[in-house]
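Now for the letters of each chain:
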Amino acid sequence: MRKLSDNMDTEALQKSFDEKIEKDIKIEPKDWMPVEYRKTLIRQISQHAHSEIVGMLPEGNWITRAPTLRRKCILIAKVQDEAGHGLYLYCAAETLNITREEMTEQLLSGKAKYSSIFNYPTLSWADMGAIGWLVDGAAIINQIPLCRTSYAPYARGMVRICKEESFHQRQGFDILLTLSRGSAEQKAMAQDAINRWWWPSLMMFGPPDNESPHTIQNMKWKIKRFTNDELRQKFVDMCAQQVEVLGLQIPDPDLKWNEERGHYDFGPINWDEFWNVVKGNGPCNKERMAARIKAHEDGEWVRAAALEYARKEAAGLTGKQSEKATIKK
Ligand SMILES: [Fe+2]
Ligand SMILES: [Fe+2]
């Protein structure tokens, strides 16, 4: 009898969940949700958080070599923003009953993935421009629909993240524009950066729809609002127009406007390269993981000190507590 009523409860809960999704009512952490929905979100949000954190490395590499003080300040602010994005997203994932420690362990052990784009090297200053314009540009296209994703804490986090991403994209475009109007060498450096970052940026939207097994379910749950191929097309259409302002080229001989489709056509993507990088064989996979593991180990004493301070504060043993007590008196 017990079992039967449990099943009936689950059915009712599932029904009310489905109705909320249908009516575009957001799911909050305390609401009932299907096990697979929770699992999918934990995977997606934690991978997103890991990508923000690992994504600090290729650009952090150029902070000391920025060409002017102004560019250095902007780049520092941008890299700090990415750290903030990682923190909001780890917090959003924690509302689904996974701890920060578990997520960190999954990243450092290689169990969890992060965006493959960050396994490519940054070879010149122009790469800061190409990353901002293309990588943050692709992130915006991917993330704007996530402001309307069905899980409320994720959607709320994305609103602020998207505003900051748009600043990132503009600062990247501004770097490329400055270089494209500079000397012949500077213009060539900007073009070389676009040549190297273009195709990996297209891969950021994930495999083609017919090879993306989770897409249909994620669209039904309204976690995803557009398919990988739809988002990729939006990105190509946006960049094909913006590159003209730069006076530079997108490295694709097949890129051309298709009047009938109302979109730009583009050439085939090398998916073998994508899967090779996902599997850990990209140019910088090992370097990126080694940097994160070192940062985690170097930070051990900070975490230990913070925990000890929190313990003392809870026990009323810190100066801060006695200060409060004095004020009260
Ligand atoms: Fe970000
Ligand atoms: Fe960004």
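Data block above holds the structure.
All of these numbers come straight from a predicted model, not from anything done at the bench. Just so you know, the residues in each chain are numbered from 1, in the order the chain's sequence is written. By the order in which they are written, chains take letters starting at A while ligands take numbers starting at 1. Under the rules for a predicted model, residues below a pLDDT of 70 receive no local features and side-chain atom pairs below 80 are neither given nor counted, while totals for whole chains, interfaces and linings still include all residues. Each side-chain value is derived from all of the structure's non-hydrogen atoms; neither hydrogens nor water enter the calculation.

**Quick notes on empty space enclosed by the protein**
Item 1. The pocket and cavity definitions rest on a 1 Å grid over protein atoms only: a 1.4 Å probe that fits but cannot leave marks a cavity, an open set with protein on both sides within 12 Å along at least five of seven lines marks a pocket, and residues lining either have an atom within 4 Å of a point. Grid points are joined across faces, edges and corners, and a volume is the space filled by probe spheres set on the points. Enumeration over the complete set of coordinates arrives at one cavity of 30 Å³ or more.
Item 2. Here the largest cavity defines a volume of roughly 40 Å³.
Item 3. Residue lining of the largest cavity: K20, I21, D24, I25, K26, S150, K222 and R225, and that is the complete set.

**Description of the coordination of the iron ion (ligand 2)**
Item 1. Coordinating donors are taken to be N, O and S atoms lying within 2.8 Å of the metal, or within 3.2 Å when the metal is Na, K or Ca; because water is excluded from the atom set, some sites may appear incomplete. All of the protein donors around the iron ion (ligand 2) are E82 (OE), D136 (OD), E165 (OE) and H168 (ND1); their distances to the metal are 2.0 to 2.2 Å.
Item 2. Sites are called tetrahedral only when four donors show all angles between 85 and 135 degrees, square planar or octahedral only when four or six donors show opposite pairs over 155 degrees and all other angles between 65 and 115, and irregular in any remaining case. Geometry at the iron ion (ligand 2) is irregular, judged from the four donor atoms that bind it and their angles of 88 to 161° at the metal.
Item 3. A distance of 3.4 Å spans the gap from the iron ion (ligand 2) to the iron ion (ligand 1), which E82 bridges by coordinating each metal. Here E82 is found in helix α4 (residues 69–94), whereas its partner E165 is found in helix α7 (residues 152–180), with 83 residues between them in sequence.
Item 4. Between buried and exposed lies partly exposed: a residue is buried under 20% and exposed over 50% of the maximum accessible area for its type, with that area taken using a 1.4 Å probe on protein chains only. Looking at E165, the relative accessible area reads 2%, which means it is buried. By the criteria applied, helices consist of DSSP H or I runs no shorter than four residues and strands consist of E runs no shorter than two, each listed in order from the N terminus.

**Section: the side chain of E165**
Item 1. The buried charged residue E165 lacks any salt bridge, with K78 as its nearest oppositely charged partner at 5.7 Å.
Item 2. A polar side-chain atom of E165 sits 3.1 Å from a polar atom in the side chain of H85.
Item 3. Apart from residues lying up to four places away in sequence, E165 is in contact with E52, E82, H85, D136, I140 and Q143. A positive count includes Lys and Arg, and a negative count includes Asp and Glu. His and the chain ends are not counted in either. Each salt bridge in this description consists of a side-chain nitrogen of Lys or Arg and a carboxyl oxygen of Asp or Glu lying within 4 Å of one another. Each polar contact in these results corresponds to two N or O atoms within 3.5 Å; when the atoms are within protein, one needs to be able to donate a hydrogen and the other to accept it, and residues that are neighboring in sequence are counted only if both atoms are side-chain atoms. Whether two residues are in contact is decided by their heavy atoms, any of which lying within 4.5 Å being enough.

**A short note on the coordination of the iron ion (ligand 1)**
Item 1. The protein atoms that coordinate the iron ion (ligand 1) are E52 (OE), E82 (OE), H85 (ND1) and E165 (OE), at distances of 2.0 to 2.2 Å.
Item 2. Its four donor atoms give the iron ion (ligand 1) angles of 85 to 145° at the centre, a pattern that matches the irregular case.
Item 3. The sequence motif formed by the donor residues of the iron ion (ligand 1) is E-x29-E-x2-H-x79-E.

**Description of the side chain of T40**
Item 1. By the element assignment, T40 lies in helix α2 (residues 35–54).
Item 2. A polar atom in the side chain of T40 sits 2.7 Å from the backbone oxygen of E36.

**Focus: the packing of aromatic side chains**
Item 1. Stacked, tilted and edge-to-face pairs are distinguished by plane angle, under 30 degrees for stacked and over 60 for edge-to-face with tilted covering the rest, among Phe, Tyr and Trp rings (Trp via its six-membered ring) whose centres lie within 6.5 Å. Counted under the stated rule, the structure contains eleven aromatic pairs.
Item 2. Look at F205 and F235: their rings are 5.3 Å apart centre to centre, the planes differ by 50°, and that puts the pair in the tilted class. A residue pair is termed long-range when its members are at least 10 positions apart, and F205 in the loop between α8 (184–203) and α9 (215–220) and F235 in helix α10 (residues 228–246) qualify at 30 residues. Side by side, F205 and F235 carry an identical accessibility label, which is buried.
Item 3. Counting every residue linked through ring pairs, the aromatic cluster contains F17, W32, Y37 and W221.
Item 4. Only when the NZ of Lys or the CZ of Arg is both within 6 Å of the ring centre and within 35 degrees of the ring normal is a charge said to sit over the ring. The cationic tip of R65 hangs over the ring face of W62; the distance from NZ or CZ to the ring centre is 3.9 Å.
Item 5. Over the face of the ring belonging to F226 we find K234, whose NZ or CZ atom lies 4.2 Å from the ring centre.

**A look at the nonpolar core**
Item 1. By nonpolar core is meant a set of buried Ala, Val, Leu, Ile, Met, Phe, Trp, Tyr and Cys residues that side-chain atoms within 4.5 Å join together. Core analysis: the largest hydrophobic core is formed by 74 residues, its most contacted members being Y37, I45, W133, Y151, W198 and F235.
Item 2. Apart from residues lying up to four places away in sequence, W133 is in contact with Q169, G172, F173, L176, I194, C239, Q242, V243 and L246.

**Notes on α7**
Item 1. Here α7 contains 29 residues, and its C-alpha end-to-end distance of 42 Å stays within 8% of the 42 Å for a straight helix at 1.5 Å per residue.
Item 2. To get the bend at a residue, fit one axis to the 7 residues ending there and another to the 7 starting there, then take the angle between the axes. Bending of α7 peaks at approximately 25° at the position of V159. Each helix should span, by expectation, one fewer than its residue count multiplied by 1.5 Å.

**Structural notes on the layout of surface pockets**
Item 1. In this model, the second largest pocket occupies a volume close to 470 Å³.
Item 2. In terms of lining residues, the second largest pocket is bounded by 16 residues, among which R100, T104, R292, H296 and R303 are the most central.
Item 3. Of all the elements in the fold, those that place two or more residues in the lining of the second largest pocket are α4, α5 (100–108), α12 (285–298) and α13 (300–314).
Item 4. Of the residues forming the lining of the second largest pocket, the biggest block, five residues, is contributed by α5.

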